[in-house]
Amino acid sequence: MTGYLLRRILYLGPVLFAVALITFLLMHAVSGGPWDHNKPFDPVTVANLNHKYGLDQPLWRQFVTFIGNALHGDLGVSYTNQSRPVSDLLRSGFLTTATLGLLSFVVAMCLGLTLGIVASLRRNSLLDRASSIIAASAASMPTFVLGVFLIVLFSVRLHWLPTGGWGSPEQAIMPVIALAALPMAYIARITRASMLEVLSEEYILTARSKGLREPVVLLRHAMRNALIPILTVAGPIAVSLVTGSFIVESFFSIPGTGRLFVQGVFARDYGVIMGATLFYALLVAVANLAVDLLYAVVDPRIRYG
Amino acid sequence: MPSKSKLWLLLIGMTAVLAAVFTSACGDNEKAKPSGEGLAPVQELRLNLGEEPVTIDPNLAFDGVSIGVVRQLYSGLLAFDEDLNLVPALASEVPSQSNGGISADGLTYTFKLREDAKWSDGQPITAADVEYSAKRLLDPETASSYAPVYFDIKGAAEYAMAMGDPENPTPVDEATLAGLRDAVGVEAVDEHTLRVTLVQPRYTVVYLAAIWPIYPLRQDIVEGLGDAWTEPGKHVSSGPFVLSEWVHNDHMTLTPNPYWYGEQPKIQKLVLKMIGDPNAAYAAYLNDELDVVAVPPSNIKSAEGDSNLSQQLVRSVDMGTLAYEFNVQAPPFDDPKVRQAFAMAIDREALVDKVLFGVGEVAYSLIPPGTAGYDPSVGQELAYDPQKARELLTEAGYGDGNLPDVTIQFADVGGNRLSAEFAQGQFEENLGVNVKLEPLEPRAFAATIMQGQFMIVPIGWGADYPDPDSWLPQNFGTEGGNNLAGYSNAEFDALVQQAVAEPDPEKRLALWSQAQQLLVDDAAAIFVSYRERVRLVKPYVKNLILTGMDAGLDGELFLTETYIVEH
């Protein structure tokens, strides 16, 4: 097990390097650069800017410089947020995005699991049908539309909640709902299917005929086994929630890394693009590792050698 | 597990509540509140900046958001009054030939600074601060995009271009740079006198003393504090406000600067929020989180129809012109007759009505209202006339539908797509030409037009100051920095040369008029509309003075005048 762990951690190095290289090449291959504006900069300005930011160096040297600095924790400067270095931008942004993502994940999991379990227990009942409808609506509504709906209802009409920003519990309610809707629906469906399959297994029949109380049967025996497919999707869902909340962040003016990254791409802010991509790659790799380890905890049949 | 019937009841109950909430709250968006005329106890104004400023360094600010904030935190030698005339600010008078501020040969400008002006830390604002800022602006290591605007100053171009040919730059050493810096014609003769020397006479250069790139800077602060000098607590202000708080990507809070030389602002707390989505910002206004907001075009009709909101609507002139720009270097748009034909094929009234949702004024020439040189009578000969347009095409040899396919490229953001589709419809219908649309991502679009690889594009023009000098030479002069179409007319260039060297403002305006007429005769571009802004302003906000110079904030030049009444 420790051998496996060590190997997975060592793999991080080459993976991150490959991500950095591919991102770097793509970034420079795309048409349009950071100084291209509709009202163009004078060639003198462009020459001075390229010199100031080291963009007049040959590409390979720019890449090597970046890697060298990154190993020391210096991810460079941002062209669009000139008052703070990229590492600062990522750090403060990440705290926000991670909180938003985790809250949404918890809500999605709790609601999704509940809906899914209830539906599986009362299969084909009105409750089951109703919760499928709720799940399907949540899944089909684009996040942006849901966001607009929430703001119009809770801010403009009812004046209950602020329209955006981040920092207070009231500001978190709508973004979390908007972000959790789709994953919740997805988890509900997977949970229902997985529970149904597990509940039809023979060992459940055995447990019941042994005289165990229903809650024990459900939680000790059914859930534990039903969890595996749920975990399979929970990992990527958690990662995507933490990394990909761009639409919600933009609409609710939340200062997170999702918004920062996409804006950086549009503005060709090379520092932000490289820094954010590497950061996400690290995050995703670590998250995948965590999920894989969790499998071993949940399912005693799985052993890593 | 609750019984089925109880769950049903819950479901019905929830639906009923939702319905009730929607219908009951579906009344007026705003409850009309009586507003007394007494000053409110809390003088707080909340505006939407829209996004985090790129920088608050005046030498580097080039985007509207940064400029809007910079204008609150710094003062310039000169400023503008409500009619956008130049007035003294840090300088005690606007230099002219009669007061000796401008030398007889038009090459030397002398600014006398007021002696009572102080920074927000109590230090006096001196001519040396202006000299430092001007030279830092031109420093190639600063790499400011506004340096070329100041190349009329002696030694400026040499300093900024120290690295030589922009295509093949070679780095220079500190000693050479220092020498070039000393040779720049901006000199603090004494604590309160600044002398600026030009390469050649250019009387519109006074405007350059009023705009932000050379707002004075404190050398000890900028160089002593490193990158942190723009953070609250470290930043020192020369303007009416100081930076009290900056929660990055969320909001900025500005409070009055007790050392400002002018009359103290009435607003005690200026909150600049950063709500990026225009619809979310509109919702914020309706939820009483903002005091002024830009109305998204699709919401204008509903705002006009609402009894309360319609009273809060304010329209103002923006200093901007929308147009379709031709690439005059390639057929078929290298032929003026073809350009004129296309110009006459656009129904501008319909464009303002359908594409711009009624926001804007029909335009036939470049310079917009609110700027000297605006002349609504110019360009009427290119008004909508499809028949005449077709005749012109035949005259140019393109009758019988043998006009090559036309491609309209555009940056696929905002209203550009609508604008491009409109033009496509008009050209196809009125001229019988085949038009293709090519949407591009914004930066890719900018790169494409910079390389001159376009046929016709929807574009918007603005200016740095309200004078034809900021409109004509750079956009249509042969060497013009913004002249992407490659338009070149020797007569136009000659008129521009004459105009900038003309000391008498009346005569200068006459020359600019002639130049503008040339552009229309030549159909250099299809001018279609002058930009307008539509805002909602809370009834308790008084004296918000909107001008065409507002770059990032509403009323940004005169926020010292604005105040809040009881509500």
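Just so you know, these numbers come straight off a predicted model, no measurement behind them.

About the thresholds
Residues numbered from 1 in each chain as written. Chains lettered and ligands numbered in written order. Predicted model: local features only at pLDDT ≥ 70, side-chain atom pairs only at ≥ 80, totals over all residues. Helix = DSSP H or I, 4+ residues; strand = E, 2+ residues; numbered from the N terminus. Buried ≥ 20, exposed ≤ 12 C-beta atoms within 10 Å, placed from the backbone. Contact = placed C-beta atoms within 7 Å. Rg over C-alpha atoms; globule rule 2.2 N^0.38 Å. Nonpolar A, V, L, I, M, F, W, Y, C, P; charged D, E, K, R; others polar. pLDDT = per-residue confidence, 0-100. Pairing = 2+ DSSP bridges. Axes fitted to C-alpha atoms, helices over the stretch in contact; angles between N-to-C directions. Parallel < 35°, antiparallel > 145°, perpendicular 65-115°, else oblique. Left-handed = near helix turned anticlockwise from the far one by under 90°.

Novice: Which parts of the structure should I look at to understand the overall build of chain A?
Specialist: Helices and strands together make up the secondary structure of chain A, namely twelve helices and zero strands. For chain A, the spread of C-alpha atoms along the three principal axes comes to 85 × 60 × 30 Å. Burial statistics for chain A: of 305 residues in total, 39% are counted as buried. Partitioning the intrachain contacts of chain A with sequence separation of at least 6 by distance along the chain shows that 72% fall at a separation of at least 24.

Novice: In this structure, what is going on with the overall build of chain B? I would like to understand it.
Specialist: Looking only at helices and strands, one finds 16 helices and 18 strands in chain B. What you see for chain B is a C-alpha radius of gyration of 27 Å, in line with the 24 Å of a compact globule of 567 residues. Along the first, second and third principal axes, the C-alpha atoms of chain B reach 90 × 75 × 45 Å. A separation of at least 24 residues holds for 67% of the contacts in chain B among residues at least 6 apart in sequence.

Novice: Hey, could you run me through the interface of chain B and chain A in this one?
Specialist: Accessible area lost during the coming together of the parts is what is often quoted as the interface size. Tallying the contact residues gives 46 residues for chain B and 46 residues for chain A. Secondary structure elements with two or more residues in the side of chain B that touches chain A: helix 1 (4-25), helix 7 (278-286) and helix 13 (442-450) of chain B. Top element by residues in the side of chain B that touches chain A is helix 13 of chain B. It accounts for six residues. Looking at the side of chain B that touches chain A residue by residue, the class counts come to 28 nonpolar, eleven polar and seven charged.

Novice: I'm lost on the confidence of the model for chain B in this one. Help?
Specialist: Fine structural detail should not be taken from predicted coordinates in areas where pLDDT scores are low. Residues and elements named next belong to chain B. Residue-level pLDDT values for chain B average 90, and 93% of them are 70 or greater. Note on residues 22-35: pLDDT under 50 across the span, and 19 contacts to partners over four residues away in sequence or across chains. Two numbers describe this predicted complex: its pTM, 0.89, and its ipTM, 0.88.

Novice: Mind showing me how you'd approach the sheet that holds strand 5 (residues 186-190) of chain B here?
Specialist: Hydrogen bonds along the backbone pair up the strands of a sheet, which may run parallel or antiparallel. All names here are of chain B. Pairing within the open sheet is antiparallel, and its three strands lie in the order 4-6-5. The sheet is open, and its two edges are formed by strand 4 (108-112) and strand 5, each paired on a single side. Strand-to-strand, the axes of this sheet are offset by a mean angle of 25 degrees, without reference to chain direction. Alignment of strand 5 against strand 6 (residues 193-197), held across four bridges, turns out to be antiparallel. Paired with Ala188 across the strands is Leu194, a residue of strand 6. Against the sheet, helix 3 (residues 127-138) contacts strand 5 and strand 6, and its axis sits at roughly 170 degrees relative to strand 5.

Novice: Teacher, can you tell me more about helix 7 of chain B here?
Specialist: A turn of α-helix holds 3.6 residues, and therefore any two residues three or four places apart point the same way. In terms of burial, helix 7 of chain B is largely enclosed, as seven of its nine residues are buried. When helix 7 of chain B is considered as a whole, its buried residues turn out to be Ala280, Ala281, Tyr282, Ala283, Ala284, Tyr285 and Leu286 of chain B. Its buried side turned inward, helix 7 of chain B meets helix 6 (143-157) and helix 10 (246-251) of chain A together with strand 1 (44-48), strand 10 (292-294) and strand 16 (525-537) of chain B. Remark: Asp288 of chain B follows helix 7 of chain B within two positions and exhibits a positive phi of approximately 60 degrees.

Novice: Please clarify how the pairing of strand 14 (residues 435-440) of chain B should be interpreted in this entry.
Specialist: It is a general feature of regular strands that their side chains alternate between the two faces of the sheet. As paired strands, strand 13 (residues 406-411) of chain B and strand 14 of chain B are joined by six bridges and run parallel to one another. Within strand 14 of chain B, the position partnered with Ile408 of chain B by the bridge is Leu437 of chain B.

Novice: What is the right way to read the sheet that holds strand 8 (residues 251-256) of chain B from this model?
Specialist: All names here are of chain B. As summarised here, the arrangement of the four strands in space is 1-9-8-7, forming an open sheet in which the pairing is mixed. Unpaired on one side and paired on the other, strand 1 and strand 7 (241-247) mark the two borders of the sheet. Adjacent strand axes in the sheet meet at a mean angle of 20 degrees, parallel and antiparallel pairs treated alike. Judged from the four bridges that link them, strand 8 and strand 9 (residues 269-273) form a sheet pairing that is antiparallel. In the sheet register, Thr253 faces strand 9, and the bridge partner there is Val271. Set on the sheet, helix 2 (residues 64-73) makes contact with strand 7, strand 8 and strand 9; between it and strand 7 the angle comes to about 135 degrees.

Novice: Just to check I follow, could you spell out the packing of helix 11 (residues 257-266) of chain A against helix 12 (residues 270-298) of chain A for this structure?
Specialist: Residues and elements named next belong to chain A. Running from N to C, helix 11 and helix 12 cross one another at 135 degrees; their axes reach a closest spacing of 8 Å. The orientation of helix 11 relative to helix 12 falls into the category oblique. The interaxial crossing formed by helix 11 with helix 12 has left-handed handedness. Here helix 11 contributes Thr257, Leu260, Phe261, Gly264 and Val265 to the contact with helix 12, which in turn contributes Val272, Ile273 and Ala276. Here the residues of the contact of helix 11 with helix 12 are counted per class, giving six nonpolar, two polar and no charged.

Novice: Help me out: how do you make sense of unusual backbone geometry in this one?
Specialist: When glycine is set aside, most residues are seen to have a negative phi, and most peptide bonds are trans. Between Pro331 of chain B and Pro332 of chain B the backbone carries a cis peptide bond, its omega angle lying at 0 degrees. Within the secondary structure, Pro332 of chain B is located in the loop between strand 11 (313-326) and helix 9 (336-344). At His159 of chain A, a residue that is not glycine, the phi angle is positive and equals roughly 55 degrees. Inspection of the secondary structure puts His159 of chain A in the loop between helix 6 and helix 7 (169-199). Phi is positive for Ala523 of chain B, which is not a glycine, with a value near 45 degrees. Mapped onto the elements of the fold, Ala523 of chain B is located in the loop between helix 16 (505-521) and strand 16.

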